[in-house]
Each structure stands twice: as C-alpha cells, then as structure tokens.
Amino acid sequence: MPSLSGQWRSLADAADRDALAARAAVEFPQLAAALQAPTERRRVLRLMAAAMTLAGLGGCDDGEPGGVLIPPVRPAPATVTRSDSYYATASVLSGYATGVLVRHDVGRPIKVEGNPTHPASLGATDAIAQAEILGFYDPDRQAPIALDGVPQDWQTLQSALAAQREQLVRTHGKGLRVLTGTVTSPTIARQIGELRQRYPEMRWHRWEPVSRDAARAGALLAYGKPVEIVPDLGTADVILAIDSDLLESAPGHVRFARDVASRRNPTRTAQMNRIYAVEPTPTLVGVAADHRFIAGPRALQDATVALAEAVLTGATPSGGPPWLGPVAADLQAHKGRAFIHIGPQQPAELHALVHAANEALGGRGSTYRLIEPVEADPVDQAASLRELATDIDEGQVETLIVIDSNPVFAAPATLGLAEAVRRVPFSLAVTMEPNETSRVTRWALPQLHPYEDWSDTRAFDGTVTIQQPQAQPLFEGISAHRLLGMLLEFDAVGSLEQVQQTWRDTKADWHEALSSGLIAGTVANVSDAKLRPESARLVPPALPEQQTTLLFRPDPHLWDGRFANNAWLQELPRPLTKLTWDNPLLISPEIGRRLQVGNGDHVLVNIGKAELELPVWIMPGQARDCVVGLFGFGRNVVGRVGEGAGYNLYQLTGYAGEPLLRKGKGGVRLASTEHHDPLLATNADFARHGNLAHFQQEPRFLADDEATPSLYRYPPPGPAAWGMSIDLNSCIGCNACVVACMAENNIPVVGRDEVLREREMHWLRIDRYYEGSADDPNVVFQPVLCMHCEQAPCEVVCPVGATVHDREGLNVMVYNRCIGTRFCSNNCPYKVRRFNFYAFSRNEHRPAVARNPEVTVRGRGVMEKCTFCLQRIAAARITADIENRPVGGNEVRTACQAACPTQAFTFGNMAQSEADVLARKQSPLSYALLSDQNTRPRVTYEARIVNPNPALGARQA
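Parameters and conventions
Residues numbered from 1 in each chain as written. Predicted model: local features only at pLDDT ≥ 70, side-chain atom pairs only at ≥ 80, totals over all residues. Heavy atoms only, no water. Helix = DSSP H or I, 4+ residues; strand = E, 2+ residues; numbered from the N terminus. Rg over C-alpha atoms; globule rule 2.2 N^0.38 Å. Buried < 20%, exposed > 50% of the residue type's maximum accessible area, 1.4 Å probe, protein only. Contact = heavy atoms within 4.5 Å. Areas by Shrake-Rupley, 256 points an atom, 1.4 Å probe, with all protein chains shown as cover. Lys, Arg positive; Asp, Glu negative; His and termini not counted. Charge placed at Lys NZ, Arg CZ, Asp CG, Glu CD. Polar contact = N/O pair within 3.5 Å; in protein donor to acceptor, adjacent residues only side chain to side chain. Axes fitted to C-alpha atoms, helices over the stretch in contact; angles between N-to-C directions. Parallel < 35°, antiparallel > 145°, perpendicular 65-115°, else oblique. Nonpolar A, V, L, I, M, F, W, Y, C, P; charged D, E, K, R; others polar. Salt bridge = Lys/Arg side-chain N within 4 Å of Asp/Glu carboxyl O. Expected span 1.5 Å × (residues − 1). Pairing = 2+ DSSP bridges. Phe/Tyr/Trp six-rings, centres within 6.5 Å; stacked < 30°, edge-to-face > 60°. Core = buried A, V, L, I, M, F, W, Y, C linked by side-chain atoms within 4.5 Å. pLDDT = per-residue confidence, 0-100. Disulfide = S-S within 2.5 Å.

Broken down by element type, the chain carries 29 helices and 36 strands. Rg of the C-alpha trace for the chain: 29 Å, near the compact-globule value of 30 Å for 957 residues, within the 12% margin. Taken along its principal axes, the extent of the C-alpha atoms in the chain is 100 × 80 × 60 Å. Among the 957 residues that make up the chain, the fraction classed as buried is 60%. Of the contacts formed within the chain by residues at least 6 apart in sequence, a portion of 74% connects residues at least 24 apart. Accessible area of the chain: about 38900 Å², with a carbon and sulfur share of 52%. Computed over 93 positive and 105 negative side-chain charges, the inter-centroid distance for the chain is 2 Å.

Relative to the elements of secondary structure, Asn-729 occurs in the loop between strand 26 (722-727) and helix 23 (736-745). Under the relative-accessibility criterion, Asn-729 is labelled buried at 9%. Reaching out from Asn-729, the side chain makes a polar contact with the backbone oxygen of Ala-943 at a distance of 2.9 Å. Reaching out from Asn-729, the side chain makes a polar contact with the backbone nitrogen of Ile-945 at a distance of 2.6 Å.

Helix 18 (residues 495-503) packs onto helix 6 (residues 186-198) with a crossing angle of 90 degrees between their chain directions and a minimal axis gap of 9 Å. It follows from the interaxial angle that helix 6 and helix 18 lie roughly perpendicular. Residue-level contacts link Pro-186, Thr-187, Arg-190, Gln-191 and Glu-194 of helix 6 to Gln-498, Val-499, Gln-501, Thr-502 and Trp-503 of helix 18. A per-class count over the contact of helix 6 with helix 18 returns three nonpolar, five polar and two charged.

As enumerated under the stated definition, the model contains 53 salt bridges in all. The closest approach of N and O atoms between Arg-624 and Glu-590, which form a salt bridge, is 3.5 Å. Taken together, the positions of Arg-624 in the loop between strand 22 (610-618) and strand 23 (626-631) and Glu-590 in helix 21 (residues 589-595) put the pair 34 residues apart, joining distant regions of the chain. Put simply, Arg-103, Lys-111, Glu-113, Glu-744 and Arg-872 are held in one network by salt bridges that share partners.

Attention now moves to helix 7 (residues 213-223). Residues of helix 7 that are buried: Asp-213, Ala-214, Arg-216, Gly-218, Ala-219, Ala-222 and Tyr-223. On its buried side, helix 7 packs onto helix 12 (348-360), strand 13 (368-371) and helix 13 (381-393).

With 17 residues, helix 10 (residues 297-313) should reach 24 Å at 1.5 Å per residue; the first-to-last C-alpha distance of 24 Å fits that figure. Gly-314 occupies a position one or two residues after helix 10 and carries a positive phi of about 80 degrees.

Moving on: the sheet that holds strand 24 (residues 660-667). Strand order in the open sheet formed by six strands is 19-23-20-22-21-24, and the pairing between neighbours is mixed. The strands lining the two open edges of the sheet, one partner per strand, are strand 19 (549-554) and strand 24. Put simply, the sheet's adjacent strands are angled 35 degrees from each other on average, direction ignored.

All right, on to the packing of aromatic side chains then. Within the structure shown, the criterion is met by 16 aromatic pairs. For the pair Tyr-276 and Phe-293, a centre-to-centre distance of 6.5 Å together with 15 degrees between the ring planes defines the contact as stacked. Here the residue Tyr-276 occupies a position in strand 10 (residues 274-279), and Phe-293 occupies one in strand 11 (residues 291-294), the gap between them amounting to 17 residues. The buried category is assigned to Tyr-276, whose relative accessible area is 0%. Note on Phe-293: relative accessible area 11%, which makes it buried. Measuring from ring centre to ring centre gives 5.5 Å for Trp-722 and Phe-907, while their planes differ by 5 degrees; the resulting arrangement is stacked. Linking Trp-722 in strand 26 with Phe-907 in strand 33 (residues 905-909), this pair joins segments that are 185 residues apart in sequence. Using a relative accessible area of 1% as the deciding quantity, one classes Trp-722 as buried.

Counting buried residues in strand 21 (residues 601-607) gives six out of seven residues, a clear majority hidden from the surface. In this sheet, strand 24 lies alongside strand 21 in antiparallel orientation, the contact comprising five bridges. Note on strand 24: the bridge partner recorded for Val-603 is Lys-663. The turn linking strand 21 back onto strand 22 is made up of two residues, and Gly-608 within it adopts a positive phi angle of 60 degrees.

The next subject is the sheet that holds strand 16 (residues 443-446). Spatial ordering of the open sheet is given by 5-4-16-15-14-6-7, a layout of seven strands whose pairing is mixed. A strand with exactly one partner marks an edge of an open sheet, and here the two such strands are strand 5 (150-151) and strand 7 (203-206). Sheet topology note: the strand 15 (residues 426-431)/strand 16 ladder contains four bridges and is parallel. Looking across to strand 16, one finds that Ala-429 is bridged to Ala-444. Helix 13 rests against strand 6 (176-180), strand 7 and strand 14 (399-403) of the sheet, and its axis sits at about 130 degrees to strand 7.

This part takes up the nonpolar core. Core analysis: the biggest nonpolar cluster contains 150 residues, and Leu-247, Trp-568, Trp-722, Met-724, Phe-868 and Phe-905 have the highest contact counts within it. Here this core gets seven residues from one element, more than from any other, and that element is helix 4 (residues 127-136). Excluding its chain neighbours within four sequence positions, the residues that come into contact with Met-724 are Leu-785, Phe-868, Thr-894, Cys-896, Phe-905, Thr-906, Phe-907, Val-917, Lys-921, Arg-938, Val-939 and Thr-940. With 39 residues, the next largest nonpolar core counts Val-440, Leu-595, Val-597 and Leu-612 among its residues.

Moving on, we get to the confidence of the model for the chain. With 90% of its residues at a pLDDT of at least 70, the chain reaches an overall mean of 89. Across residues 1-5 the pLDDT falls below 50, and counting only partners more than four positions away or on other chains, this stretch makes 18 contacts in the model. Scored below 50 in pLDDT, residues 34-76 shows eight contacts in the model against residues more than four places distant or in partner chains.

With respect to the helices and strands, the residue Leu-93 is situated in strand 1 (residues 84-93). You can call Leu-93 buried: its relative accessible area is 16%. Residues Leu-93 and Leu-569 lie 476 residues apart in sequence; the distance between their C-alpha atoms is 15 Å. Every residue in contact with Leu-93, bar those within four places of it in the chain, is listed here: Ile-128, Trp-559 and Phe-563.

Turning our eyes to something else, we now look at the environment of Thr-821. Mapped onto the fold, Thr-821 is located in the loop between strand 30 (811-813) and helix 26 (823-827). Judged by its relative accessible area of 30%, Thr-821 falls in the partly exposed class. Residues Thr-821 and Gly-861, 40 residues apart in the sequence, show an inter-C-alpha distance of 9.0 Å.

This part takes up unusual backbone geometry. Comment: phi is negative for the bulk of residues other than glycine, and the bulk of peptide bonds are trans. Cis geometry marks the peptide bond from Gly-718 to Pro-719; its omega dihedral reads 15 degrees. Along the polypeptide, Pro-719 turns up in the loop between helix 22 (692-697) and strand 26. At Trp-581, a residue that is not glycine, the phi angle is positive and equals roughly 60 degrees. Topologically, Trp-581 is positioned in the loop between helix 20 (567-571) and strand 20 (585-587). You can call Trp-581 buried: its relative accessible area is 10%.

Another aspect to go through is the state of the cysteines. Every disulfide links exactly two cysteines, by a covalent bond between their sulfur atoms. Under the defined criterion, the tally for this structure stands at zero disulfides. With no disulfide of its own, Cys-824 lies closest to Cys-794 among cysteine sulfurs, the gap being 6.3 Å. For Cys-824, a relative accessible area of 8% gives the class buried. Free of any disulfide, Cys-866 has its nearest neighbouring cysteine sulfur in Cys-786, separated by 5.9 Å.

What follows is the structure, given as structure tokens:
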C-alpha cells in the first residue's frame, strides 16, 4: 500500500506511515477506505445536522454582549509613558558587518531589526543577529579582571601594561604577538598600524576557526593580488552553487538571500532564475535549487574541473556525470547573466578556476564585481596561526595579546595551543565571557559587548557602519580600542575618541552616519586586476581514494562556538536536521546501512591520534562517502547555558588521512523536533509545489478549489481585517523569523530534556518535508503558525472562552481564563498551540529587564500561540485613532515579516485596498493549508514553483 502522504518529515515517519496504512487495511478496512477516499459533502452535512439537533436551541449564539466599555483617558500619577526609539549599529560575524537597528523601550534595548538603508541588510536580519540581544543581557558575561585566576583592580592592570610598554620600547616590540580574528574595522586597523610603527618587531596574527583561506588564496592565484568578489544575484538568470554557503554564512548572505528570492516567484518576476547546486551535504542553497546534484569530495572536484574546462573552451564535456553537459550549456547560453559560486571549503585552485569561468561567462560588471579587499591586510590565517604556535614553541614570544578570539578551544588539535600559551611569560586575553583561552592566559579581561561601546566595521561590499553603544555597560569591561591604546600610552583615549579620530580627516558626516547606520561613499573601490592566464589551467591536487571522508562545517546557529551560551540559538531547530542542543555526526543513509546504525546510535571515530565517540544522525541527501562534523559545541569553559551541550569536534581537526568509523555501544536520545506536531491528514501535500512549465500552461493548478460551501459563516465585521500570505518560493528555512518571534513575544526556552518531551514553546515553526528516497530526496520548507481561522476549531471546544475571535479576525488568547484543559490544542488541525507545562520564564537565563514590556510573560498552565504580534497592531491602531484615520494596509509588520531576509511573509490589513497581502492572496498560487477542514484561515500560502532545465527532466519540488 502506498504511503498516506508523499511528504515525510523524518525517516521514522516515512516508515511508520506505510506500516499504519497496512495495519489499518487489515484491522479496520472501512476506516482505511474512508481515510483514502475524499470527503463526501453530503455525509458531512448529515453529521452536522445531527450534531445541531443534539445541541438544541440553547447552543445558539444570541449575539455580542451589549454595552460599551469606557477606557480611562488620563494616565495614573507617576507613570512613564512608553516610547520606542531605534538606534543604528551593526551585527558582526567573522569581521563582516550587517547593519541593524536596535529598538529601545524607555531607554533599554529589547529588539533587533534590520536596517533598511544598509546594503548587507536591506531591513532584514539572520538568526544570529536576532539573538544578539539575549547575548547582551547574558549574566555569565560578568567576570572580573583576573591575574592567574585571582581578581585584580584596574590600577594593577594599568601598572602591568605600563611595565610591558617599557620593555617593548626597549626591544622595539620583539616578542610581542597580537592575535585577532578577521578585522575589517578601520579604527582597529589604524591602531594596529600605529603599534607596528612603535614596535616594528611585533607580529600581528589573524585567525578564524571557520576559514575563508581558500577563497582568499584562490583570488590571489587568479588575479595575482588580494581581491574580493561581490555578487549581484538579482541580475543572474543562471546560478551554479558548488558546495556553497551563499545563503547561509557567506559575507553578505542576508542580502544575497533577498536577491535570489526576488527572482523565484513567477507571479512577481518576468523571468525566473535557475539554480543548480552541486554539494556533498545539503545546504540552504541546495534546497532552494531547481536541480541539486550530490557529489562527494572527489566527484565534486572532478566535476568542477570538467565544467570549468567546458565553459572556458566552449566544448561539450566528455565523460563525467550526465548533468555536466546540460549545466555547462545552460551557463554558456546565458553569458553575461550567469554566475558560479564556490564555497570556502574547496581548495584554492578550484576557486581560481571558478574565477576564470566567471570571467569567460562575461559576468564581471554584470552578475558580480571585483573589489579591493574589505579585510584589513589579508593573510593566510591558518599559516599565521601555525607561525604563532611555532614561535611560542621556540621561545620567541614574550608578550601575547589575544583579542576576542578563542584559539585554545577552536584551533586544530595538532597545534597543542593550550600548553603553548601557558608558557608565554605575559599573556592576556580579552573576551566577552570566560572561555578556554582566558582560562590559560595569565591575564583575563572582560570585553565590552558591541552594544556597550563605540567601534566601526565594514560590510561585504566595504560599506562602513559606526557601531554606537545602546546602553551603559551592564558589567565592567574593556574595549579592544582601549586595550590597543593602552599598549601605546598610559593615558589612552576611549573608544569614541579613537573612532572619531579615524574619520576626523574625511568628509564623513558624523551625525548622518549615526542616523543612517552607514558612512556614505565608503563602498570598496572596484578592482582593475586582470585575470592571470595560468589560472584557467590550474588543477587542484588529486584527492586520495578513500571509503569515507570527514568534512567539517560550522553549526548554522552557534557558528564556531562563540554563541554556545545563547539559549535561543541552542534551542533553535537546525534548518535541515531539526536538531537542538546537540551536534551528532551527520552520516549518509549509505553509511548508516553499512554500519547498521540509526539516529542516536554511537560510533567511534578515529583519525590520526584522535578518537571520539559520537552519536550519529542520518542526513538524507548526503553523499555516500561523507560524514560531517559540526563545530560550535562541546565547550568546557562556558556559561550555564552551553555547559554539557554537544561534542567538541575540533579535537578531530588538523589530522590527515581517512577516518575510521566503527559502531559503538549504545546511544543517546537526540532532541530533534522533526517529528513534533505532525499534521494528521491523508493524501495531502502540505507544501504544494510544481514546475514552471505546468504553471505557464495552467496558472491555478496548485491553487485551492472554491472553498467548501458553508451554511453558516460569520466573517469578522472589522473595521480591520488582518491576514498573512507566506511565499514558499522565498522561504529558505534560515530561522530568522523564529528567533525574531521569540524576542518580540517573550517566548521562553525549555531546555533539552523538555524538547525531548515535545514541549518546546516556539510559536512559529518551519516544517521541513522530504519527498522521494532518503538517498536523494527533494526538500521543501513551510513556516507554520496560528492560522487565525475564521471558523476556528479551537474556540468551540474551550470550556472557559479563553480562545476567542475579535472583530478584526484575530484569534486571541485570554490568559487569565485559561485553565489548561488543552482541548484547543487537541482540536487544532495545524498543531500550532503551545502549552506552558512549567513556569519556564522563571528559570530562563535572562533578566526581566530584557523582555518586551508590551507582551505578557505567561505563567505555568496556560496555552499560548502566535498573535500576529497583537502589540504591534495595537500600536498602529492607537496612532491611527489619534490621526482620525483607519490603519493602513501595510502599516503593521509582524516580527517574522520584518526579520525575513527573503520577504517570504506578507502581512497587512485586508480591509484596505492598497494592502500587499491582498495581492498575494489573489495570486494563482495561493492556497490554504488543510483547506478541506473548512477552517477559513487568515494565513494562506503561495505554492512553490521550480524552474528545471528541460534537458535534465522535470523536478517535482
């Protein structure tokens, strides 16, 4: 018997559905037939008539209660009126900035929004930027200045630095080493330049655990000088992504997601783009692609070389995978409108070949531009760190300054940095919170949070943002600017003076820069570098033949481990695995079958001198010969949130050779949400999808049929009518909306144990559906929240009227009435209601001052769910009432809508003709989830359309 649905959320789900159907056919043949048959309208009406007869006239609604409630018009004495204000700053990841606005309530930061004027943001954010507000209030940041673990005062630190200055002056800085991450800050670059002038023998080392060395080296091979590439994906008709981080973590990925999505919905663009992805493990761009090809490291390298050769010579590829020829032909057919992107994990020679191929495709100046480096003084960072380790081993380092970096935790295990740093006579680490590096340096200094200090930083295209403090420091700390200044002179000026000094001699308008969030005219200069002819002939070293390859990737939320103490990011389900609080080894279905292991089972991983026992997670769509380890977990010096979460995969880095995998003993339960809150419907494709050719022939082939007729319908009378449309063509599953919802609505985390009990509290979830085989499935994302049904099943079963409808179509919760029967949750076909089993907010690692005062903090025993950000609606309603006008169609933006990089969410007042949501709901792709339930939801979806290459066959998702 076929599966009950073609879409499945987990491997267990796919197996259980077939088993359920088989058992039902044997034990309950009539029920099984009913499940497979379409609903009969006549039978439904007969059941409704019988139900009304039994209910009697006493069950009829006698109308709305009479009378008018008069609110107070004068505020109580000594109250402070609420006022919102926004201040521009930046969220920085691995040196590169995304412009944001921080919303304040009565002077305290409570929410992050994107900066519409910033080129890397365009008003959107990612999950990490949204969660930064929680990191700002993290009480584990509180730490004293310490020497050998003993707290010290400020004067003792000043005296110690004064002694170091005298020694460095005598030796011209010999023995001084400064270690930072990637630096794009013009002020830090200027200060380090001044240090180099004062101490010419010093060395500046840079290192990031998530390396972009190969991209940097590839550009150097191709052009003979450091350059960076800035894609313009909005102009690209064809995109080839090779093991790409384009939509996940590449500098500028928030902007790139917007540009890609702008060409994905055929009702909004004259010509859809076409995306190909070639990769060993699933990525967000792979999910968005029209064609995804699975290739292990050797196959991917060979295919890239062959494809580049075909593009450069115009010849048809000989041999290789069958998709190679059609993809090369499609790229060549769109010269000037095609773009190839390759991820930072691939070798430098492949990056150089891709540069040559992009030049041959005529994309320079059209689909991308070359710019002068955004990074200050770019170097090979892996070599820089090795040089530092070697110098320490040889006794050449007398003074080591580590600024906002954690190499002791995240450096390759083969370097042995922990013991090396302990041998440095004067070592100092300035970190946001105590970490593995500050534990072994002699001096440990707390660093000010970016929301507490002044600085400047560059975006992916070079645009400079002035980072301005959002509050007085919550805890004692020092800034990188102040520390670098103190290495030069005793009476160093503060961060504000340092930043202003950098821009004093320019034409930058300081107040305008603070207001807009960027300094006009600071975009990096376009490079005139010429492609070196030999770059088109480069071939990477051949990879050894081996049965299994171990790949490493950053965790999509914790990154390299720097966010391990952020509870929002720990509990945020990963886009593809839906895992929380853990990082098992990701293995292909083929390796799972070979080792006879399933999700949570232990395997022993041996590589070089390292051995680690890890649980596994079977990743559908991963290359047969690959296992993937995610960084960011397993911290041993971390705050209370990150303690004991996951495994330290850095222990396996730095070793060459093939990893040996053996089945271990036992296993663990992994907290994944992929099987939580399933939609119990039959013969349903919840996330509808189809091909562009079919859409062009019959545009409404995925839209809802005319809604089931109803004898009784009570549409809310208004004056406003709130609704939402979600575009599945745009959603990339990045989770920015989920974190934004948590921040806006004071949603608590529950912890790993409660997630295992299916008790997470997220009001918005992103369902991930697979179709096809586990070895090579198609994937579709679908955000699901309260549908605000006009005919809401939850309302009729609530015995206390806690869930009710208002006049504007909102399904609202009256928390004081709720007695926790959970009848509403049982009756909700969308499974979007969350029951607060415990007083989760009381145990949260978050002070009360960090919460949004406009939203109730719910207590134990109540049901909660999405409210369409009712507080934002109320604020707009108040403004409209004061101005004696109706609320505008696009005046209210929900938190999820504001955060979304791809503009997948459209929300507004459907009572106003200019509302964008009205146009989206009139789209031929518009449909309601579980429309056969006749709940008439105010949330609808636009079905996904893909644009496959006819030469490669149609893809169904």
